[in-house]
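Breakdown of the fold
For reference, the chains in residue letters:
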Amino acid sequence: MSDHSPRLSLPFILPAQAQKHVTHNEAIELLDLIVQLTLLSVSQVTPPATPQEGQAWAVPSGATGDWAGQDGLIATWRGGGWLFVAPQDGWVAWVGDAAGVHVWSGGVWTAQGDLQNLPGIGINSTADPVNRLSLRAPAALFDNEGAGHQIKINKATAADTGAVLFQTGYGGRAELGLAGNDDFSIKVSPDGAAWRPAITIAAATGRVQLTDVLQIAPSAMPATAGAGDIYFDSATAKLRCHDGTIWHDLF
């Protein structure tokens, strides 16, 4: 039988051992370090000048002074000297100068719960390289923090698209926003392939064009039209409405 435990290498008290309290206290000292492990830093390379009893640091690569050659170990100040302990994969520690939880794996301490620069987030769903934020839920709430609230969609250039897309079965059916230019538009599609603009608001003038209410005849009135279609006849500068049979001048 080994004289140390297999996982944490805690010393066992052996039969007929003299000064059993020494072995017992050594095991307690190791447990005092490992249980609810707290490290002051995982990046500090120079040992502190005046460490306090029980304080601990993860020794990074290239450490100096009393930590030289102890890379990857945990250094704790005990009884007026440094005690070095080797961490095992899966150990979790609170790191004071990083204000966060770290996990020891593959020979490095890795921060956990850092929500900056994540490759993707899936909430009850799976993110992918395009949809890096994916949410599957009955609703989503973007609440205020005591005042107003904005949802921002930013595009790089005027020729890019910044829009909200509505889908059925993952096929586009309606889109509103800035589609390929800086004019605000609303467009619809029956199949996600063919798109028809419904409303366009010019960014430069604020003028509204309603595609199926007021249409511009470029050179001549169309030969066929539906009842209620209204066109501006650019050739005669008249507004005309079709009743299903013939065109009528509105003014």
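This section reports on the structure supplied with the text. (Residues numbered from 1 in each chain as written. Predicted model: local features only at pLDDT ≥ 70, side-chain atom pairs only at ≥ 80, totals over all residues. Heavy atoms only, no water.)

Moving on, we get to unusual backbone geometry. The phi dihedral of Gln-36 is positive, around 55 degrees, even though this residue is not glycine. Position of Gln-36 among the secondary structure elements: in the loop between α1 (20-34) and β1 (38-39). Non-glycine residue Tyr-170 carries a positive phi angle of around 65 degrees. Locating Tyr-170 in the fold gives a position in the loop between β10 (161-168) and β11 (171-179). (Helix = DSSP H or I, 4+ residues; strand = E, 2+ residues; numbered from the N terminus.)

So, about the packing of aromatic side chains. Taken as a whole and judged by the stated rule, the model has five aromatic pairs. Where Trp-67 meets Trp-82, the ring centres are 5.4 Å apart and the plane angle is 80 degrees; that geometry is what we call edge-to-face. Residue Trp-67 is located in the loop between β2 (56-58) and β3 (74-78), and its partner Trp-82 is located in strand β4 (residues 81-85); the two are separated by 15 residues in the primary sequence. On the accessibility criterion, Trp-82 (19% relative accessible area) is buried. (Phe/Tyr/Trp six-rings, centres within 6.5 Å; stacked < 30°, edge-to-face > 60°. Buried < 20%, exposed > 50% of the residue type's maximum accessible area, 1.4 Å probe, protein only.)

In this section: the side chain of Lys-155. With respect to the helices and strands, Lys-155 occurs in the loop between β9 (133-135) and β10. A polar contact is formed between the side chain of Lys-155 and the backbone oxygen of Ala-158, at a distance of 3.0 Å. At 3.2 Å, the side chain of Lys-155 and the side chain of Asp-182 are in polar contact. Non-local contacts of Lys-155, meaning those with residues more than four positions away in its chain, are made with Asp-160, Thr-161, Gly-162, Leu-178, Asn-181 and Asp-182. (Polar contact = N/O pair within 3.5 Å; in protein donor to acceptor, adjacent residues only side chain to side chain. Contact = heavy atoms within 4.5 Å.)

On to the sheet that holds β1. Reading across from one edge, β1-β5-β6-β7 is the order of the four strands in this open sheet, with mixed pairing throughout. Of all strands in the sheet, those bounded by a partner on one side alone are β1 and β7 (108-112). (Pairing = 2+ DSSP bridges.)

Structurally, Gly-96 can be placed in the loop between β5 (92-95) and β6 (100-105). Sequence-wise, Gly-96 and Leu-39 are 57 residues apart; in three dimensions their C-alpha atoms are separated by 6.2 Å. Residues within four places of Gly-96 in sequence aside, it is in contact with Leu-39 and Leu-40.

The next subject is the pairing of strand β17 (residues 238-242). In this sheet, β17 lies alongside strand β16 (residues 230-233) in antiparallel orientation, the contact comprising four bridges. Considered in β17, the bridge of Tyr-231 is made with Arg-240. Taking the residues between adjacent antiparallel strands as the criterion, β16 and β17 are bridged by four residues, where Ala-237 takes a positive phi near 60 degrees. Hairpin remark: β17 followed by strand β18 (residues 247-249), antiparallel, with four residues in the connecting loop; positive phi at Gly-244, about 105 degrees.

Note on placement: Ser-41 falls in the loop between β1 and β2. For Ser-41, the side chain forms a polar contact with the main-chain nitrogen of Gln-44, separated by 3.1 Å.

A few words now on the sheet that holds β4. Pairing within the open sheet is antiparallel, and its three strands lie in the order β2-β3-β4. Each edge of the open sheet is held by one strand with a lone partner, namely β2 and β4. Within this sheet the neighbouring strands show an average axis-to-axis angle of 25 degrees, counted without direction. Of the pairings in the sheet, the one linking β3 to β4 comprises five bridges and is antiparallel in character. Bridge assignment links Thr-76 to a residue of β4, and that residue is Leu-83. Against the sheet, α1 makes contact with β2, β3 and β4, and its axis sits at roughly 120 degrees relative to β3, the strand it touches most. (Axes fitted to C-alpha atoms, helices over the stretch in contact; angles between N-to-C directions.)

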